[in-house]
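# Notes for the structure review
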Amino acid sequence: MKIGFIGLGNMGAPMAANLVAAGHQVTGFDTAALAPEGVAMAASAAAAAKGAEVVITMLPNGAILRAVAAEVTPAMDAGAVLLDCSTVDVASARDVAAMAAAVGLGALDAPVSGGVGGAQAGTLTFMVGGDDASFATARPLFEVMGSRAVHCGPSGNGQAAKICNNMILGVTMIATCEAFALADKLGLDRQAMFDVVSTSSGQSWSMTSYCPAPGIGPKSPADSDYRPGFAADLMLKDLRLSQEAAEAADADTPMGALAAALYARFVEEEDGRGRDFSAMLPRFEGRRRA
Ligand code: NAD
């Protein structure tokens, strides 16, 4: 397939490289990043999009996505699909889909889970919003870049699934970290705590698959001095998106709001910036009640 790929950063570069390795013809554009191997770079986003059957975007936020979409949609052939894999707000995803539909294009919002490791290995999970025909067009690309694509409904529903998932993740990580810190103060051994909780009703992915305590459970960023992994800054971005969406939809999300406030303090006032999001554990270890 002929593909335009805009945004070749930490995630986009390995995703584009996997498409090239699978035999697709990829033309890329990025304002800063270098070309991944096998990707021909164009001079503008519009030039990368011209003649492509699918244009993939993997960009930092909704404002940048809107600007790029406004530039590329007039350059795309009728019937082509704009496939956004960035994590952005639901409103931007829906507005960009409407912008695409207005000029006869298909559009999908398809944020991912799995991080840079999943992007490199081609094992991402895609959470997809948009119409059936566009989903069918993009399916072979999801199969190259990932191991699972869930069609979640109309435009915006992929982003809705992503922020709901990550709100749960932020909340369970904080709960797991504060429970470890409490266990320490009660004299409970961390390995015993893991052995109980990972097989009991307090179990979650944060404990079982990504344990925030060094040396306990499967290998995780806690074992590499909390180098990310999934950076606390990115968790904060996703929690803020969930709170914006909750505000717009009049949903009551007090735990999500508290998780957003704690990650904001951790990233903006403490030492969380650039550390893995599980570094909440050393943060709690040294603290008394705030
Ligand atoms: P990144 O900052 O490494 O990459 C973004 C790229 O977009 C950069 O290379 C930047 O130069 C480029 N860019 C910015 N503005 C542009 C423009 N106007 N035109 C063309 N290119 C432009 O970020 P990333 O880690 O690759 O994340 C990309 C998206 O994926 C984000 O929305 C992020 O939330 C999401 N995400 C990241 C992870 C992760 O673990 N890194 C996991 C899941 C989802």
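Thresholds, definitions, all that
- Residues numbered from 1 in each chain as written.
- Predicted model: local features only at pLDDT ≥ 70, side-chain atom pairs only at ≥ 80, totals over all residues.
- Near = placed C-beta within 6 Å.
- Helix = DSSP H or I, 4+ residues; strand = E, 2+ residues; numbered from the N terminus.
- Nonpolar A, V, L, I, M, F, W, Y, C, P; charged D, E, K, R; others polar.
- Domains from an automatic or database assignment.
- Buried ≥ 20, exposed ≤ 12 C-beta atoms within 10 Å, placed from the backbone.
- Contact = placed C-beta atoms within 7 Å.
- UniProt positions renumbered as here; feature names shortened; annotations may be inferred.

## Description of the site of the ligand
In the neighbourhood of the ligand, 26 residues make up the surrounding shell, with G9, N10, M11, A32 and T87 lying closest. Contributions of two or more residues to the shell around the ligand are made by α3 (62-72), α5 (115-121) and α10 (232-249). Of the residues assigned to the shell around the ligand, the class counts are 16 nonpolar, eight polar and two charged. Three or more residues apiece are contributed to the shell around the ligand by two domains, here domain 1 (2-153) and domain 2 (160-286).

## Quick look at the environment of E71
The residue E71 is located in helix α3 in this model. In this structure E71 comes out as partly exposed when scored by C-beta crowding, with 15 C-beta atoms within 10 Å. Put simply, E71 and I163 are 92 residues apart on the chain and 27 Å apart in space, counted from C-alpha to C-alpha. The contact partners of E71, leaving out residues within four places of it in the chain, are A45 and A46.

## Quick notes on the UniProt feature "active site" (unreviewed entry) in the protein chain
This chain's UniProt record puts "active site" (unreviewed entry) on K162. In this structure, K162 sits in helix α7 (residues 157-185). When sequence neighbours within four positions are dropped, the list of residues in contact with K162 reads T87, P111 and M127.

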